[in-house]
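# Chain and residue survey
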Amino acid sequence: MNWTTLLGDLREERRAVGAFNAILIEHAEAIVAGAEQSGLPVILQISQNAVRYHGSLAPFTLACLRLAEDATVPVLVHLDHVEDEDLIREGLDLGVRSVMFDASKLPYAENVERTRAVVERCHARGCLVEAELGEVGGKDGAHAPGVRTDPAEAAAFVAATGVDSLAVAVGSSHAMTDRSAVLDEDLIAALAQAVPVPLVLHGSSGVSDDGLRGAVTGGIVKVNVGTRLNQVLTEAVRAVLDERELLTDPRRYLAPGRDAVRDEVARLLTVLANAESRNALS
């Protein structure tokens, strides 16, 4: 699967692909199963924080790469929000072919310089690079509350770095546990017109289905989801444990959690692939 072509086609068609963060192997299995259930491609993401949780990159990443290889639909394994360039080098050696290098907390000029160097290294290995713009010191970088991406600056950043996609700040925020975020659809449209590469929405767990449809219709091509999957998994596990207080076998409660995540992935992928149906569904 040529993901550059796929993302370009989605951009032209005003559709999007879901990119879901995996922490546990159950997440990864559910993400692939959800994509197979929907018959749609998916991006399976491993964040730098997830790598820290596992203690190293290789074991979990290799498992995800094997799941992707065996899937009946296209699955791209992607390293998400990586600040440590050594992790990118290790990922390339393992066979990862998509990374998000996050230098958004640095001053603009340094962000450009470091991102351009990562792009050169990754492109030489056939690896796609996503980046984002942000403000110095902001915990959420480009996705801190109130921050917005300027279309002219975004276009200049893409031209200076050669990135393959760009995460933009349009009203979403990381780790939201409700779906109350309101996106700036006019800004999304302006960014899509100004920036020649696919646009990425982070913090999408906080956006309603209708908001996601509007974002995709406006020009968002990749939609990142993490917190929502954790909510679904936890709710399903808690329901089983509340009903069976003496249960100790993790397979008995993680399997329902995995199934719930699978179904949510399939549902969200379908929403993103049919964004133009927004008016009919609203």
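From a predicted model like this one, the values you see are computed outputs, not experimental measurements.

## A short note on empty space enclosed by the protein
- A complete count under the given rule lists two cavities of 30 Å³ or more for this structure.
- Of the volumes computed, that of the largest cavity is approximately 100 Å³.
- Together, 14 residues line the largest cavity, and Leu7, Ser98, Leu128, Ser165 and Lys222 are the ones closest to its centre.
- Going through the elements one at a time, β3 (75-82), β4 (98-101) and β5 (128-132) are the ones with two or more residues in the lining of the largest cavity.
- With three residues, β5 is the single largest residue contributor to the lining of the largest cavity.

## So, the packing of helix α5 (residues 85-94) against helix α6 (residues 108-123)
- Running from N to C, α5 and α6 point in directions that differ by 10 degrees, and their axes come no closer than 11 Å. Classified by the interaxial angle, the pair formed by α5 and α6 is roughly parallel. Packed against α5, whose contacting residues are Glu85, Ile88, Arg89 and Leu92, the element α6 presents Arg114, Val118, Arg121 and Cys122 at the interface.
- For the contact of α5 with α6, a count of residues per class yields four nonpolar, no polar and four charged.

## Focus: the pattern of salt bridges
- Per the counting criterion, the structure on display carries 16 salt bridges.
- A salt bridge links Glu13 to Arg15; the shortest N-O distance between them is 2.5 Å.
- Given the relative accessible area of 37%, Glu13 is considered partly exposed.
- With a relative accessible area of 29%, Arg15 lands in the partly exposed category.
- With a closest N to O distance of 2.5 Å, Arg267 and Asp209 form a salt bridge.

## A short note on the pairing of β3
- Extensive coverage of β3 is indicated by the burial of eight of its eight residues.
- Pairing geometry for strand β2 (residues 42-47) and β3, over six bridges, is parallel. Directly across from Gln45, in β3, lies its bridge partner His78.
- In the sheet, β3 pairs with β4 via two bridges, with the strands oriented parallel. In the sheet register, Leu79 faces β4, and the bridge partner there is Val99.
- For the crossover from β3 across α5 to β4, the handedness is right-handed.

## As for the environment of Arg97
- Its place among the elements puts Arg97 in the loop between α5 and β4.
- You can call Arg97 partly exposed: its relative accessible area is 31%.
- Note: C-alpha distance between Arg97 and Val129 (32 residues apart in sequence) is 8.6 Å.
- When sequence neighbours within four positions are dropped, the list of residues in contact with Arg97 reads Val77, Leu92, Arg125, Gly126, Cys127 and Leu128.
- Here the side chain of Arg97 touches Arg125 through a polar contact of 3.2 Å, landing on its backbone oxygen.

## Observations regarding the environment of Ala167
- Looking at the secondary structure, you find Ala167 in strand β6 (residues 165-167).
- Through-space distance from the C-alpha of Ala167 to that of Val223 is 9.5 Å; in sequence the pair is 56 residues apart.

## A word on the sheet that holds β2
- If you trace the eight strands once around the closed barrel, you get β1-β2-β3-β4-β5-β6-β7-β8, paired in parallel fashion. Neighbouring strand axes in the sheet, compared pairwise and without regard to direction, differ in orientation by 25 degrees on average.
- Sitting on the sheet, helix α9 (residues 209-218) touches β7 (199-201) and β8 (220-225), and the angle it makes with β8 is about 145 degrees.

## Observations regarding the confidence of the model for the protein chain
- Across the protein chain, the average pLDDT comes to 90, with 89% of residues at or above 70.
- Contacts from residues 135-139, a stretch scored under 50 in pLDDT, to residues over four places away or in other chains number eleven contacts.
- Residue range residues 278-282 is modelled with pLDDT below 50. Its contacts to residues more than four positions away, or to other chains, number six contacts.

## What about the nonpolar core?
- Among the nonpolar cores identified, the biggest contains 76 residues, and Phe20 and Leu44 are the most heavily contacted of them.
- Considering every element that reaches this core, the biggest residue donor is helix α11 (residues 250-273), with seven residues.
- Leaving out residues up to four positions away in the same chain, Phe20 has contacts with Ile31, Val42, Ile43, Leu44, Gln45, Val225, Leu229, Val265, Leu268 and Leu269.
- Residues Leu7, Leu10, Leu76 and Val221 belong to the second largest nonpolar core, which totals ten residues.

Rules used throughout
Residues numbered from 1 in each chain as written. Predicted model: local features only at pLDDT ≥ 70, side-chain atom pairs only at ≥ 80, totals over all residues. Heavy atoms only, no water. 1 Å grid on protein atoms, 1.4 Å probe; cavity = no way out; pocket = protein on both sides within 12 Å on 5 of 7 lines; lining within 4 Å. Points joined across faces, edges and corners; volume = space filled by probe spheres on them. Helix = DSSP H or I, 4+ residues; strand = E, 2+ residues; numbered from the N terminus. Axes fitted to C-alpha atoms, helices over the stretch in contact; angles between N-to-C directions. Parallel < 35°, antiparallel > 145°, perpendicular 65-115°, else oblique. Contact = heavy atoms within 4.5 Å. Nonpolar A, V, L, I, M, F, W, Y, C, P; charged D, E, K, R; others polar. Salt bridge = Lys/Arg side-chain N within 4 Å of Asp/Glu carboxyl O. Buried < 20%, exposed > 50% of the residue type's maximum accessible area, 1.4 Å probe, protein only. Pairing = 2+ DSSP bridges. Right-handed = clockwise from strand over helix to strand, strands pointing away. Polar contact = N/O pair within 3.5 Å; in protein donor to acceptor, adjacent residues only side chain to side chain. pLDDT = per-residue confidence, 0-100. Core = buried A, V, L, I, M, F, W, Y, C linked by side-chain atoms within 4.5 Å.

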